[in-house]
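Each chain, written out:
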Amino acid sequence: MRNAATVLGVIRERGRRGLPLERLYRHLFNPELFLLAYGRIYANKGSMTPGVTKETVDGMSLAKIEAIIDVLRGERYRWRPVKRIYIPKKNGKVRPLGLPTWSDKLVAEVVRMLLEAFYDVQFSEHSHGFRRERGCHTALNEIVDVWCGTHWFIEGDISDCFGSLDHQVMLSILAEKIHDGRFLRLIANMLTAGYLEDWRWNATLSGAPQGGIASPILSNIYLDRFDKFVEQTLLPEYNRGIRRRRNAAYRDVDNAIDRARRRGDRKAVRLGIQQRRRFPSQDPDDPDFRRLKYIRYADDCAPRTRLEVAM
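Quick caveat, the model's predicted, so the values are computed rather than measured.

Rules used in this analysis
- Residues numbered from 1 in each chain as written.
- Predicted model: local features only at pLDDT ≥ 70, side-chain atom pairs only at ≥ 80, totals over all residues.
- Heavy atoms only, no water.
- Helix = DSSP H or I, 4+ residues; strand = E, 2+ residues; numbered from the N terminus.
- Patch = residues over 30% accessible without salt bridge, like charges linked within 9 Å, V, L, I, M, F, W, Y side chains within 5 Å.
- Areas by Shrake-Rupley, 256 points an atom, 1.4 Å probe, with all protein chains shown as cover.
- Salt bridge = Lys/Arg side-chain N within 4 Å of Asp/Glu carboxyl O.
- Buried < 20%, exposed > 50% of the residue type's maximum accessible area, 1.4 Å probe, protein only.
- Arc of directions from axis to C-beta.
- Contact = heavy atoms within 4.5 Å.
- Polar contact = N/O pair within 3.5 Å; in protein donor to acceptor, adjacent residues only side chain to side chain.
- Axes fitted to C-alpha atoms, helices over the stretch in contact; angles between N-to-C directions.
- Parallel < 35°, antiparallel > 145°, perpendicular 65-115°, else oblique.
- Left-handed = near helix turned anticlockwise from the far one by under 90°.
- Nonpolar A, V, L, I, M, F, W, Y, C, P; charged D, E, K, R; others polar.
- Core = buried A, V, L, I, M, F, W, Y, C linked by side-chain atoms within 4.5 Å.
- Phe/Tyr/Trp six-rings, centres within 6.5 Å; stacked < 30°, edge-to-face > 60°.
- Lys NZ or Arg CZ within 6 Å of the ring centre and 35° of its normal.

Q: Please explain the environment of Lys293 as it appears in this structure.
A: Structurally, Lys293 is set in strand 8 (residues 293-298). Considered as a pair, Lys293 and Ile187 are 106 residues apart in the sequence and their alpha carbons are 34 Å apart.

Q: Got a minute to help me understand a nonpolar patch on the surface in this structure?
A: On the surface, Phe226, Phe229 and Leu234 cluster together to form a nonpolar patch covering roughly 260 Å² of accessible area. Among the structural elements, Leu234 can be located in helix 8 (residues 215-238). Leu234 sits in the partly exposed class, given a relative accessible area of 35%.

Q: Could you clarify how one ought to interpret helix 6 (residues 167-177) in this entry?
A: Because an α-helix packs 3.6 residues into every turn, residues spaced three or four apart end up facing the same way. Within the span of helix 6, buried status applies to His167, Met170, Leu171, Ile173 and Leu174. When helix 6 is viewed along its axis, its buried side chains cluster within an angular range of 155 degrees and face the same direction. Those residues of helix 6 that are buried are in contact with helix 4 (102-119), strand 5 (178-179), helix 7 (181-191) and helix 8. In this structure Asp166 caps helix 6, since a side-chain oxygen of it lies 2.9 Å from the backbone nitrogen of Gln168.

Q: Any chance you could explain the packing of helix 2 (residues 31-41) against helix 3 (residues 62-73) here in plain terms?
A: Axis angle and axis distance: for two packed helices, these are the angle between their axes and the distance between the axes, and together they describe the pair. Here helix 2 crosses helix 3 at 125 degrees, and the two axes come no closer than 10 Å. Between helix 2 and helix 3, the interaxial angle falls into the category oblique. For the element pair helix 2 and helix 3, the recorded crossing hand is right-handed. On helix 3, the residues touching Pro31, Phe34 and Leu35 of helix 2 are Leu62, Ile65, Glu66, Ile68, Ile69 and Leu72. Taken together, the residues of the contact of helix 2 with helix 3 sort by class into eight nonpolar, no polar and one charged.

Q: Explanation requested: the pattern of salt bridges in the structure shown.
A: Pairs can form between side chains of opposite charge whenever their charged atoms are close. Evaluation of the coordinates by the stated rule reveals 17 salt bridges. A salt bridge links Glu116 to Arg132; the nearest nitrogen and oxygen atoms lie 3.4 Å apart. Taken together, the positions of Glu116 in helix 4 and Arg132 in the loop between helix 4 and helix 5 (136-146) put the pair 16 residues apart, joining distant regions of the chain. When its relative accessible area of 14% is taken as the criterion, Glu116 is described as buried.

Q: Just to check I follow, could you spell out the nonpolar core for this structure?
A: Soluble globular proteins tend to pack their nonpolar side chains together in the buried interior. Within the largest apolar cluster, 58 residues are counted, with the highest numbers of intra-cluster contacts made by Leu28, Leu115, Leu174 and Phe183. Mapped onto this core, the elements with two or more residues apiece are helix 1 (4-17), helix 2, helix 3, helix 4, helix 6, helix 7 and helix 8. For this core, the element with the highest residue contribution is helix 4, accounting for 12 residues. Once residues within four sequence positions are removed from consideration, Leu174 is found in contact with Leu115, Tyr119, Leu184, Ile187, Leu218 and Ile221.

Q: I would appreciate a short explanation of the packing of aromatic side chains in the present structure.
A: The geometry of an aromatic ring pair is captured by the separation of the ring centres together with the interplanar angle, meaning the angle of the planes. If you walk through the whole model with that rule in mind, you get eight aromatic pairs. Between Tyr25 and Phe29, the ring centres sit 5.6 Å apart and the planes meet at 85 degrees, which makes this aromatic pair edge-to-face. Side by side, Tyr25 and Phe29 carry an identical accessibility label, which is buried. Judged by centre distance (5.8 Å) and plane angle (40 degrees), the ring pair of Phe130 and Phe162 falls under tilted. Of this pair, Phe130 sits in the loop between helix 4 and helix 5 while Phe162 is found in the loop between strand 4 (153-158) and helix 6, placing the two residues 32 residues apart along the sequence. Classification of Phe130 as partly exposed rests on a relative accessible area of 26%. An aromatic cluster of three or more residues is present, and its members are Tyr38, Tyr42 and Trp102. For Arg73, the ring lying beneath its charged end belongs to Phe29, and the centroid distance is 4.8 Å. Sitting above the plane of the Tyr238 ring, Arg290 keeps its charged end 4.3 Å from the centroid.

Okay, structure coming up:
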């Protein structure tokens, strides 16, 4: 068996080159990936929180990993419904949260690592939500460094982002680049596993599991289509002009400074420089120039995605 770093590196390179993935399901038989997944999630706060069974990280062993792999090899793995609880929000409302069983968390982390290795290198540079080394701070840094001279900010929220994902659309997006029916069936079964509320089973007809480990990467794969539409269609249609024309008031003061320098009037030059600082050098209301900028980030404390568009 290849080590986990090699497997993920090969998958990442295929994603970078835009090549499809085949026989992805077989990587779920690699114990090294499960050990890496265990190392990433065992210290999470919810690792000792039971779902619909009493199973937790306590008692984890190589034998349990081998048992999970054996079930996966025979395509007999069945996702258990998540246990739904409700968490209060700052505005007084509550949001649903699903508590998966420990085995489901472990398998979902392996699935997440495989999907992240392949898709993350293909995501937009303006996407900052639920990505390694990215978040609200990197989004704000991009706004500060790139969005100079922005006059209008338009903020949009996708309400109930995780809960609104269409399963068929999600699977069709995955099937475009993942040519492995067994892996796609595993994802489909995860999406439709349902949830238990007051110990009654409820179907999940849409959306990714709230609190599911693989849900963030699935939402990013889904919304990457929106990112690409904005960048490749909306921005080119909206943007106009090469550069702004000079501000008339700035130009007049600048010409007055030149005349004062030719006369040798230093006092007038100093006053002109101070006055010139009050005006932008370019016309901010130039009708022949406009730029639209876009950024998306996701708040990991709420099931929603925010969109930022600057004009």
